[in-house]
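Coordinate inspection notes
What follows is each chain in one-letter form.
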Amino acid sequence: MDVKKILLGVACLVLSCTQNYAQTPITADLTIKKGLTDNQLLDLVQKQTFRYFWDYAHPTSGMARERSHLNLLPINNVVTSGGTGFGIMAAIVAADRQFISRKEAAEHTLKIVDFLLKADRFHGAFSHWLNGETGKTIPFSKKDDGADIVETSYLFQGLLAAQQYYKANNPVEKDLRVKIQQLWNGVEWDWFTRNQNVLYWHWSPNYNWDMNMPIRGWNECLITYVMAASSPMYAIGKSVYTEGWSKSNTFINGKTYYINLTLPLGPDYGGPLFWTQYSFMGLNPKGLKDQYADYWQQATNHTLINRRYCIDNPLKYKGYGDNCWGLTASDSWKGYSGHSPTNDLGVITPTAALSAFPYAPQYSMQALKHFYEDLGSQIWGEYGFVDAFSEQHEWYAKSYLAIDQGPIIVMIENYRSGLLWKLFMSNPDVKKGLKKLGFTTTVLKR
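Throughout what follows, the structure given in this document is the object of discussion. (Residues numbered from 1 in each chain as written. Predicted model: local features only at pLDDT ≥ 70, side-chain atom pairs only at ≥ 80, totals over all residues. Heavy atoms only, no water.)

1. Considerations on the overall build of the protein
Note the cut-off: Helix and strand assignments come from DSSP, with helices taken as H or I runs of at least 4 residues and strands as E runs of at least 2, each series counted from the N terminus. The atom set for the radius of gyration is the C-alpha atoms, and the globule formula is 2.2 Å times the number of residues raised to the power 0.38. Think of it in three bands: residues with accessible area under 20% of the maximum for their type are buried, residues over 50% are exposed, and the middle band is partly exposed, with areas taken using a 1.4 Å probe on protein chains only.
Counting its secondary structure elements, the protein contains 15 helices and 15 strands. For the protein, the C-alpha radius of gyration of 21 Å lies close to 22 Å, the compact-globule estimate for 446 residues. C-alpha atoms of the protein, sized along the principal axes, occupy 60 × 55 × 45 Å. Here the protein, with 446 residues, has 62% of them falling under the buried criterion.

What follows is the structure in structure tokens.
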């Protein structure tokens, strides 16, 4: 008997009892099909991965659960603010590609927004984790029990894209736009500077600023400064960006790797690949420049360096090669880790290569076909590709994570149509924020 199908059936039964769907479930396709066209395969991956944010959404809040396991029933209340932002974007893709109806997508997003309006907020910002039943904060760590402005920025990247997408003159979409604006107006971004020229990542009602984490780059947090500068009510000034974000020992790089790949910013070999993805789900790096970098060059060369490292494979791990690459933060055989060329545990994470489609489409497609056609029996499941795997250690994750599944859907769509980039970059507040920080891009000239 097919164990995956049994588990899927049990999961669907539980979901049907607990969620009382007003929406149409998406059926998982677990049969590996050889010979699909590129577009058919991309459709399949986007649609099946979207099930994580649709069939596995929290029944009360509609928000994205932090993680899932094939061998566990989908009953948990830990939802993630940043992952939900990715899920909101994924719902736009699903509606636009008619995996679900636009009406269903809008109603689902409104359900999330109504929940967020009642959930815990700290100077307008959300915590990393929430209880999807009650809206109360679930601590991410001992002192991380309050505002997380990085996760909040991922959430609003999705919400502002949704505000631009749902423009119809009907009660649901009108209500959605108004309520998103209410949430957006309420985030006190400038308060998180502590009257200094830098943003601070966390604040706790119980521990105040004890975590003491100024947000300095280069990493996944560029979008946080963009959102803070774009706020219509509580915007930061340019000096917070130039004197805060850029002031670290690993901000400027400028070295060349593998003969011809110059990396403007970041540590040696670029760090984990999610740095090229999370901030650029809505923020379009094409033609985006400021005094520090050309961000298309940054994201593309970081991606190519990561791939070339896997091809060179200096630690001789089994499975690495030109069609099996991608090091980024994910689960691993020894726990969660920020995989990169300087922290290589022999673990390949599918989201790394698949969310790189805009930057290296030929190489991402090679990886996708290998993951699906050759390794699919071990890593393809009800919510798309599992979080990670290591052929070297004969380890294949049973888990899916919201922050890894979401970028697959969204970045593939940005490669195919640029949809989320067009939506987010059309927001008037975002345009003002980018100009304030000194960015130039063709979008700002329109």
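2. Here we look at the pairing of strand β8 (residues 261-265)
Quick note on the threshold: A pair of strands counts as paired when DSSP detects no fewer than two bridges linking them.
Counting buried residues in β8 gives four out of five residues, a clear majority hidden from the surface. As defined by bridge partners, strand β7 (residues 252-257) adjoins β8 across four bridges and the pair is classed as antiparallel. In the sheet register, I252 faces β8, and the bridge partner there is L265. What sits between the antiparallel neighbours β7 and β8 is a turn of three residues, in which Y258 has the positive phi angle 50°.

3. Description of the pattern of salt bridges
Any two side chains of opposite charge can pair, given that their charged atoms come close. Stated precisely, the cut-off is as follows: Put simply, a salt bridge is a Lys or Arg side-chain nitrogen that is within 4 Å of an Asp or Glu carboxyl oxygen.
Counting across every chain of the model gives 14 salt bridges. Residues R97 and E413 are paired through a salt bridge, measuring 2.6 Å at the closest nitrogen-oxygen approach. With R97 in the loop between α3 (81-96) and α4 (102-118) and E413 in helix α13 (residues 402-416), this pair connects stretches of sequence that are 316 residues apart. Accessibility expressed as a relative area gives 28% for R97, which makes it partly exposed.

4. As for the packing of aromatic side chains
In plain terms, the rule: For this analysis, a ring pair means two rings from Phe, Tyr or Trp (six-membered ring only for Trp) whose centres lie within 6.5 Å, classed as stacked if their planes differ by under 30 degrees, edge-to-face if by over 60, and tilted for the remaining angles. A ring has a charge above it when a Lys NZ or an Arg CZ is no more than 6 Å from the ring centre and no more than 35 degrees off the ring normal.
In this structure the tally under the stated criterion is 42 aromatic pairs. Relative to F192, the ring of W191 has its centre 5.1 Å away and its plane inclined at 90°; by these criteria the two rings are edge-to-face. Taking 4.9 Å as the distance between ring centres and 45° as the angle between the ring planes, the aromatic pair formed by F274 and Y278 counts as tilted. Here F274 matches Y278 in class, with each residue buried. An aromatic cluster is defined as three or more aromatic residues linked by ring pairs; in this entry it consists of W218, Y225, Y241, W245, F251, Y292, Y295 and F439. Above the face of the Y56 ring, R65 is positioned so that its terminal group lies 4.8 Å from the ring centre. The ring of Y363 carries R307 above its face, with NZ or CZ at 3.5 Å from the centroid.

5. Observations regarding the nonpolar core
Spelled out, the test is: Think of a nonpolar core as a cluster: buried Ala, Val, Leu, Ile, Met, Phe, Trp, Tyr and Cys residues, connected wherever their side-chain atoms sit within 4.5 Å. Contact criterion: two residues are considered in contact whenever any of their non-hydrogen atoms come within 4.5 Å of each other.
By size, the foremost hydrophobic cluster in this structure holds 148 residues, and its most contacted members are F50, L222, L283, Y295 and F371. With residues up to four places along the chain from it excluded, the contact list for F50 reads I26, A90, A91, A94, I100 and I409.

6. Overview of the environment of T109
Of note, T109 is situated in helix α4. As a C-alpha pair, T109 and I149 span 40 residues in sequence and 21 Å in three-dimensional space. Sequence-distant contacts of T109, defined by excluding residues within four places in its chain, comprise I88, A162, Y166 and L176.

7. Notes on the packing of α4 against helix α6 (residues 171-185)
The condition is simple: Angles shown run from 0 to 180 degrees and are taken between the N-to-C directions of axes, each axis being a line fitted to C-alpha atoms and, for helices, limited to the stretch in contact. Crossing handedness is defined as follows: a turn of the near helix away from the far one that is anticlockwise and smaller than a right angle gives a left-handed crossing, while the clockwise case is right-handed. In this classification, the charged set is Asp, Glu, Lys and Arg, the nonpolar set is Ala, Val, Leu, Ile, Met, Phe, Trp, Tyr, Cys and Pro, and all remaining amino acids, among them Gly, are polar.
Direction vectors running N to C along α4 and α6 enclose 35°, while the axes themselves pass 9 Å from each other. The handedness of the crossing between α4 and α6 comes out as left-handed. The segment α4 lies against α6, with R102, A106, E107, T109, L110, V113, D114, L116 and L117 engaging V172, E173, D175, L176, K179, I180, Q182 and L183. Here the contact of α4 with α6 is built from residues that sort into nine nonpolar, two polar and six charged.

8. Digging into helix α9 (residues 295-312)
Here is the rule: Expected span of a helix, by definition, is 1.5 Å for each gap between consecutive residues, and there is one gap fewer than residues. Think of a polar contact as two N or O atoms within 3.5 Å of one another; within protein, one of them needs to be a possible hydrogen donor and the other a possible acceptor, and neighboring residues in sequence only count if both atoms come from side chains.
For α9, with 18 residues, the first-to-last C-alpha span of 25 Å sits near the 26 Å given by 1.5 Å per residue. Most of α9 is tucked away, with 13 of its 18 residues classed as buried. Measuring from the side-chain oxygen of the N-cap residue of α9 to the backbone nitrogen of W296 gives 3.0 Å; that N-cap residue is D294. Looking one or two residues beyond α9, the residue adopting positive phi is N313, at roughly 50°.

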